[in-house]
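Structure at a glance
Listed below, chain by chain, are the residues.
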Amino acid sequence: MNGRLLLLPFLALLLVACDQRSSNDPPTYGVAGTVTSAIGVAVDSDANDPGAPLETNDIPSVAQQLPNPALVGGFVSRSAIGHGRFADQGDRTDVYQATLASGQAITLFISDHDPADPYAVDLDLEIYDTADINIDTRPVAYSISATSGTERVRVPKSGNYYIFVRSIRGASNYLLSIGQPATMTAKEEPPFVPGEIVVRFRETNAPMRAAAAPELFAASTGLVHERGAPGQPILFTLGNAAQLRAASANDESATERLKQETIEMVRALRKHPDVETADLNYIRRPTAIPDDEHYPLQWNLPLINLPQAWEVTTMPNGDARQVIVAVVDTGVFLAHPDLGPNLLDTGYDFISNPSIAGDGDGIDSNPDDPGDSATPGGSSFHGTHVAGIIGALTNNGTGVSGTTWGTGTRIMPVRVLGRGGGTTYDIIQGIRYAAGLSNDSGTVPPQRADIINLSLGGPGFSMTEQAEYNAVREAGVIVVAAAGNENSNLPSYPAAYDGVISVSAVTPNRQRAPYSNFGPTVDVAAPGGNTAADGDGDGYPDGVLSTLADDTSATRKPVYSFAQGTSMATPHVAGVAAIMKALDPTLDPDRFTTLLETGKLTVDLGAPGKDELFGYGLIDALKAVENIDISLPPVLAIDQAGPLDFGPFIEQLIFTARNAGGGEFTLIEASDDADWLQVDPPSIAGNTGTFTATVDRSRLVDGLYRATISLSTDTAASLSIPVTLQVGQIHEKGNTGHLYLILVEPATMKTVRTTQAENVNGSYRYRFDGVPSGHYYVVAGSDLDDDGEICDPGEACGGYPTIERLQAIDVQGETAGIDFGTNFNIVLQALNEAETGTARRGFSRITDD
């Protein structure tokens with residue numbers, strides 16, 4: 001016993017000696033912060049990650065409860081996959097329970113769907129109105145496409161439902177979206193008259209053929225001939241259309257059945273030997289609303305009154321001068337089909353350091369963005385997203401809409417940001433080139449830019465930079481820059497330089513975005529979004545939707561994605577400046593600044609006059625057009641931008657419509673598209689009408705609802721007003737699942753530290769220890785499929801300050817307050833490909849030792 005006592009001090013000394021750090025070892029520090037989960041999101045409670053909490057949800061009796069609206073990340077597998085929680089057995093079905101409203105869209109995005117091998121992975125979506133399900137029970141709605149990456153159903157009537165996600169083949173992450181109808185994808189038709197079909201017949205000399213006898217044709221196909229004669233389009237109705245229309249008054253699902261039967265009849269008629277064309281009887285409205293398939297998701301454009309401004313910009317104007325906006329950024333994916341025709345071939349690449357350029361050389365005449373990450377799927381394609389907000393092709397039936405529709409605006413891509421960012425010297429060269437000033441390329445564009453968009457920045461004042469921005473402004477160029485995403489009042493440059501328009505960001509409810517910088521240098525606010533929320537209940541995050549590229553594979557692919565940031569706010573202001581320049585070529589930086597400072601371009605937000613959150617207010621495209629000295633047509637507008645929001649308690653709102661243009665009109669009609677909404681006839685005084693809108697929540701289940709009020713006049717002037725309504729309490733805390741947090745070296749994109757965190761009331765507190773001094777990206781994400789990578793398709797992802805534009809932290813001591821959010825992001829495919837997926841941005845959660 002005494003021998004043991006004598007030995008213990010020796011062992012203790014030995015252990016201390018072995019644990020002592022050499023005096024030559026560099027010091028290490030802690031890095032800490034909080035990650036906040038997006039509101040209304042949830043995670044599959046039995047995913048494949050063995051590190052995540054487990055609650056089975058395989059059958060209705062243990063169905064996982066969901067809020068409404070919701071965005072859910074999950075995982076299913078038909079059979080054992082050899083690793084993770086389901087290494088030895090499959091997880092074929094996930095069952096969720098939610099109270100749903102009639103007409104709600106339930107969408108399943110299959111993350112691992114591969115269009116090149118569509119039969120490898122197949123997930124199905126079904127909803128039931130009973131928990132007593134057996135082999136004979138039919139779902140009330142289902143989508144079972146064997147080859148599509150998207151499944152979608154609509155809720156036939158309000159009630160409580162069980163939602164089944166089943167794996168038929170293979171294993172996959174997925175996203176399940178519960179939201180109000182918001183967009184027409186390639187699988188959904190734009191608005192049409194249920195039961196009506198417009199037909200043109202083939203030319204024929206046979207008197208008894210269909211072209212000569214529409215009544216005969218109608219009888220043989222079960223249709224009713226309504227109007228039209230041989231040699232012109234003919235209107236038919238389904239034989240049971242009247243019966244189903246009558247039934248729809250008491251049965252909400254009857255209209256959906258009629259719509260489906262109409263679509264199926266059109267498909268059948270197109271195969272008929274006597275039919276040249278057969279189409280739905282689409283509903284057209286006399287307003288400058290583009291037909292781009294994802295425009296309904298672009299809340300940011302109506303928020304700044306762009307549809308009313310488009311009433312002017314889309315007027316024929318043969319004398320319009322081409323306006324050029326230089327996007328000085330990561331370059332642009334030049335092959336994106338929704339950008340190509342609006343991109344100039346006079347751009348340039350000014351990244352002088354080949355090690356960060358990503359294209360293998362220094363400066364050159366090719367501004368194409370090869371990606372800014374060596375990790376497949378890790379590139380931001382930041383400049384492509386910015387360019388789309390300004391100049392995406394509009395009213396072409398696909399993709400998204402750009403702010404500058406009808407102005408002839410073109411984008412000059414200038415590449416200055418590569419892997420890890422860019423230098424002030426390269427950025428200076430880029431802005432000098434865009435402004436037509438001498439630069440390192442030895443050349444200037446044939447026509448300089450009118451506006452320069454700088455969705456970039458950082459700390460550090462430079463007298464050299466200030467002088468360069470002075471020179472660019474003196475050259476007649478309006479310069480717009482992002483205020484920054486650090487939720488700080490510290491100045492970010494170049495936005496804080498004199499002569500540069502600094503832009504902060506707002507959310508859909510016109511509040512300062514939680515990440516947006518503020519302070520005395522902010523000049524104006526614009527939509528930047530908030531991907532941590534779904535305030536309108538459409539099942540999609542409230543980010544700004546725009547063009548992007550996906551570099552998961554060796555080939556970049558055009559897609560569309562939601563993003564947030566002052567980087568997204570800035571191109572809205574650049575776009576409005578381009579609209580003004582197109583209408584008045586004499587507009588220069590001084591006049592633009594004067595109009596801004598006198599409130600002629602904005603709607604005042606916050607404290608009266610200029611304040612540190614919003615500057616002079618929210619940019620307003622209609623006010624900008626009104627303050628250009630040109631002859632305007634009649635333009636119908638209301639006395640506020642954005643939707644009429646009834647929130648959870650308001651029952652009645654009054655709004656005023658007026659003529660914001662020239663000429664005269666008379667208000668003749670106000671209509672709406674929801675049975676819970678009523679618009680009373682206006683009190684009219686000249687060109688102004690005051691309307692009262694009333695909502696009735698008594699027959700609605702809890703959730704968020706959307707509708708549209710349409711105003712029309714006796715001229716071409718018209719207006720569509722979005723309406724939002726909340727019923728009951730909306731979940732304020734989200735859960736993006738078990739998170740892995742990593743520190744990443746910006747130059748190599750290697751993971752050097754990792755830790756884990758669990759959700760506590762919507763938040764995750766984390767800390768890294770033993771971090772050497774240096775620069776690091778901080779990224780968080782889930783690993784639902786347990787493949788060792790976070791932020792894969794269908795998984796949660798976030799980064800500091802935003803995942804869209806990571807910013808390295810400088811660790812030189814204990815570092816705290818590195819806070820950011822996580823969400824599941826949705827990517828929409830280009831060119832009506834009918835495939836929808838999730839953001840592909842994988843990071844290893846395993847350190848590269």
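Just above, that's the structure.
Below or above, wherever it landed, is the structure these notes cover. Since the structure is predicted, the reported quantities are computational estimates derived from the model, not experimental observations. (Residues numbered from 1 in each chain as written. Predicted model: local features only at pLDDT ≥ 70, side-chain atom pairs only at ≥ 80, totals over all residues. Heavy atoms only, no water.)

**Some remarks on the overall build of the chain**
For clarity, the threshold we go by: A helix here means a DSSP run of H or I that spans at least four residues, while a strand means a run of E at least two residues long, and both kinds are numbered starting from the N terminus. Here a residue-residue contact requires only that any non-hydrogen atoms of the pair lie within 4.5 Å. For the accessible areas, the method is Shrake-Rupley and the probe is 1.4 Å, while residue cover comes only from the protein chains on display.
The helix and strand inventory of the chain stands at 13 helices and 48 strands. Across the chain, every contact between residues at least 6 apart in sequence was considered, and the portion connecting residues at least 24 apart equals 72%. Carbon and sulfur atoms make up 50% of the accessible area of the chain, which amounts to about 33,800 Å² in all.

**Some remarks on the state of the cysteines**
The criterion, for reference: Pairs of cysteine sulfur atoms within 2.5 Å are identified as disulfides in what follows. Working definition: with a 1.4 Å probe on protein chains only, accessible area under 20% of the residue-type maximum means buried, over 50% means exposed, and in between means partly exposed.
Applying the stated criterion across every chain, the model contains one disulfide. Here Cys-791 engages in a disulfide with Cys-797; their sulfurs sit 2.1 Å apart. Residues Cys-791 and Cys-797 are joined by a disulfide whose S-S torsion is about 85°; by sign, that bridge is right-handed. Each member of the pair, Cys-791 as well as Cys-797, is classed as buried.

**A closer look at the sheet that holds strand β13 (residues 223-227)**
Note the following rule: Paired strands, as defined in this entry, are two strands with at least two bridges between them according to DSSP. Axis definition: a line fitted to C-alpha atoms, limited for helices to the stretch in contact. Angles are taken between N-to-C directions and run from 0 to 180 degrees.
Taken in spatial order, the four strands of this open sheet run β13-β14-β12-β15, and their pairing is antiparallel. Among the strands making up the open sheet, the edge pair consists of β13 and β15 (275-282). Adjacent strand axes in the sheet meet at a mean angle of 35° when their direction is disregarded. On the sheet, helix α2 (residues 214-221) packs against β12 (192-201), β13, β14 (234-238) and β15 and is oriented at approximately 150° with respect to β13.

**Details of α2**
What counts, and what does not: This arc is built from the directions going out from the helix axis to the C-beta atoms.
All buried positions along α2 are accounted for by Pro-214, Phe-217, Ala-218 and Thr-221. Angular distribution of buried residues about the axis of α2 spans 100°; they occupy a single face of the element. For α2, exposure combined with an orientation more than 90 degrees from the buried face picks out Glu-215, Ala-219 and Ser-220. The first or second residue beyond α2 is Gly-222, which carries a positive phi of 80°.

**What about the packing of helix α9 (residues 424-434) against helix α10 (residues 463-474)?**
What counts here: In these notes the angle categories are as follows: under 35 degrees is roughly parallel, over 145 is roughly antiparallel, 65 to 115 is roughly perpendicular, and the rest is oblique. Amino acids are sorted into nonpolar (Ala, Val, Leu, Ile, Met, Phe, Trp, Tyr, Cys and Pro), charged (Asp, Glu, Lys and Arg) and polar (every other residue, Gly among them).
Close contact between α9 and α10 brings their axes to 10 Å; oriented N to C, the two are set at 10°. Taken together, the axes of α9 and α10 are roughly parallel relative to one another. Each of Thr-424, Ile-427, Ile-428, Ile-431 and Arg-432 in α9 lies in contact with α10, whose residues at this interface are Thr-464, Glu-465, Glu-468, Tyr-469 and Val-472. In the contact of α9 with α10, the residues fall into five nonpolar, two polar and three charged.

**A look at the packing of helix α8 (residues 382-391) against helix α11 (residues 566-583)**
As a reminder of what qualifies: For any helix crossing, the convention is left-handed if the near helix is rotated counterclockwise from the far helix by under a right angle, and right-handed if that rotation is clockwise.
It is the contact of α8 with α11, at a shortest axis distance of 8 Å, that shows an interaxial angle of 35°. Crossing angle aside, the handedness with which α8 passes α11 is right-handed. Two secondary-structure elements touch here, α8 through His-382, His-385, Val-386, Ile-389 and Ile-390 and α11 through Ser-567, Met-568, Pro-571, His-572 and Ala-574. Partitioning the contact of α8 with α11 into residue classes produces six nonpolar, four polar and no charged.

**Regarding the nonpolar core**
Rules: Here the nonpolar core consists of buried residues drawn from Ala, Val, Leu, Ile, Met, Phe, Trp, Tyr and Cys, with membership extended through side-chain atoms lying within 4.5 Å.
With 64 residues, the main nonpolar core has Ile-451, Val-573, Met-580 and Phe-592 as its most contacted residues. With 11 residues, the single largest contributor to this core is α11. Non-local contacts of Ile-451, meaning those with residues more than four positions away in its chain, are made with Val-323, Ile-324, Val-325, Ala-326, Val-477, Ile-478, Val-480, Ala-574, Ala-577 and Ala-578. Grouped together as the second largest cluster of nonpolar side chains are 36 residues, Phe-768, Ala-780, Val-811 and Phe-820 included.

**A short note on the pattern of salt bridges**
Test applied: Salt-bridge detection follows one rule: a side-chain nitrogen of Lys or Arg within 4 Å of a carboxyl oxygen of Asp or Glu.
Summed over the entire model, instances satisfying the criterion amount to 15 salt bridges. Notably, a salt bridge pairs Arg-767 with Glu-814, separated by 3.1 Å at the nearest N-O pair. Of the two residues, Arg-767 sits in strand β38 (residues 763-772) while Glu-814 sits in the loop between β44 (809-811) and β45 (820-822), which places them 47 residues apart along the sequence. The partly exposed category is assigned to Arg-767, whose relative accessible area is 38%. A relative accessible area of 55% means that Glu-814 is categorised as exposed.

**Looking at the side chain of His-385**
Mapping His-385 onto the fold places it in helix α8. The contact partners of His-385, leaving out residues within four places of it in the chain, are Val-544, Leu-545, Ser-546, Thr-547, Leu-548, Ser-561, Phe-562, Ala-563 and Met-568.

**Points about α8**
At 3.6 residues per turn, the α-helix brings residues three or four places apart onto the same side. In terms of burial, α8 is a largely internal element, 10 of the 10 residues being buried. All of the buried residues along α8 are His-382, Gly-383, Thr-384, His-385, Val-386, Ala-387, Gly-388, Ile-389, Ile-390 and Gly-391.

**Here's the deal with unusual backbone geometry**
Cis geometry is adopted by the peptide bond preceding Pro-69, which originates at Asn-68 and carries an omega value of 0°. Structurally, the position occupied by Pro-69 is in the loop between β3 (64-65) and β4 (70-77). Even without being glycine, Asn-305 reaches a positive phi, approximately 60°. Turning to its location among the elements, Asn-305 is positioned in the loop between α5 (300-303) and α6 (306-313). A positive phi angle, near 45°, is found at Phe-381, a position not held by glycine. Position of Phe-381 relative to the elements: it lies in the loop between α7 (354-357) and α8. For Phe-381, a relative accessible area of 0% puts it in the buried group.

**A look at the side chain of Asp-534**
The condition is simple: Charged-residue counts in this description rest on Lys and Arg as positive and Asp and Glu as negative, His and the chain ends being excluded.
Inspection of the secondary structure assignment puts Asp-534 in the loop between β22 (524-527) and β23 (544-550). Here Asp-534 sits buried without a salt bridge, and the closest side chain of opposite charge, Arg-706, lies 7.5 Å off (N-O distance). If near-sequence neighbours (up to four positions away) are discounted, Asp-534 is found in contact with Pro-69, Gly-539, Tyr-540, Asp-542 and Leu-704.

**Remarks on the environment of Asp-498**
Examined against the element boundaries, Asp-498 turns out to sit in the loop between β20 (478-482) and β21 (501-506). Using a relative accessible area of 58% as the deciding quantity, one classes Asp-498 as exposed. Considering only alpha carbons, one finds Asp-498 and Gln-466, 32 residues apart in sequence, at a separation of 7.2 Å. If we ignore the near neighbours within four places in the chain, the residues touching Asp-498 are Gln-466 and Asn-470.

**Section: the packing of aromatic side chains**
Applied cut-off: Side-chain rings of Phe, Tyr and Trp, where Trp is taken by its six-membered ring, are said to pair if the distance between their centres is within 6.5 Å; with planes under 30 degrees apart they count as stacked, over 60 as edge-to-face, and otherwise as tilted.
Applying the stated rule across the entire model yields 19 aromatic pairs. Judged by centre distance (5.3 Å) and plane angle (45°), the rings of Tyr-348 and Tyr-433 are tilted. Linking Tyr-348 in strand β17 (residues 348-349) with Tyr-433 in helix α9, this pair joins segments that are 85 residues apart in sequence. Neither residue differs from the other here; Tyr-348 and Tyr-433 are each classed as buried.

**With respect to the sheet that holds β4**
One open sheet holds the five strands; their spatial order is β2-β4-β11-β6-β9, and the pairing between them is mixed. At either end of the open sheet lies a strand with only one pairing partner, and these are β2 (41-43) and β9 (150-154). Pairwise comparison of adjacent strand axes, ignoring direction, gives a mean angle of 20° for this sheet. Pairing geometry for strand β6 (residues 105-110) and β9, over five bridges, is antiparallel. Its bridge partner lying in β9, Ala-105 is registered against Arg-154.

**Brief notes about the pairing of strand β10 (residues 159-169)**
Pairing geometry for strand β5 (residues 93-100) and β10, over eight bridges, is antiparallel. Following the sheet pairing, Val-95 is matched in β10 by Phe-164. The sheet contact formed by strand β7 (residues 122-128) and β10 spans seven bridges and is antiparallel. Pairing of Glu-126 across the sheet is with Phe-164, part of β10.

**Section: the environment of Glu-814**
Which entries qualify depends on this criterion: Each polar contact in these results corresponds to two N or O atoms within 3.5 Å; when the atoms are within protein, one needs to be able to donate a hydrogen and the other to accept it, and residues that are neighboring in sequence are counted only if both atoms are side-chain atoms.
The spatial distance from the C-alpha of Glu-814 to the C-alpha of Ala-32 is 8.5 Å, given a sequence separation of 782 residues. Excluding residues within four positions of it along the chain, Glu-814 makes contact with Tyr-29, Gly-30 and Arg-767. Within the structure, Glu-814 has its side chain in polar contact with the backbone nitrogen of Gly-30 (distance 2.9 Å). At a separation of 3.1 Å, a polar atom in the side chain of Glu-814 contacts the side chain of Arg-767.

**Considerations on the pairing of strand β33 (residues 688-695)**
Looking at chain direction, strand β29 (residues 652-659) and β33 are connected through six bridges and run antiparallel. Its bridge partner lying in β33, Phe-655 is registered against Phe-691. In this sheet, β33 lies alongside strand β31 (residues 677-679) in antiparallel orientation, the contact comprising three bridges. Looking at the pairing, Gln-678 lines up with Thr-694 of β33.

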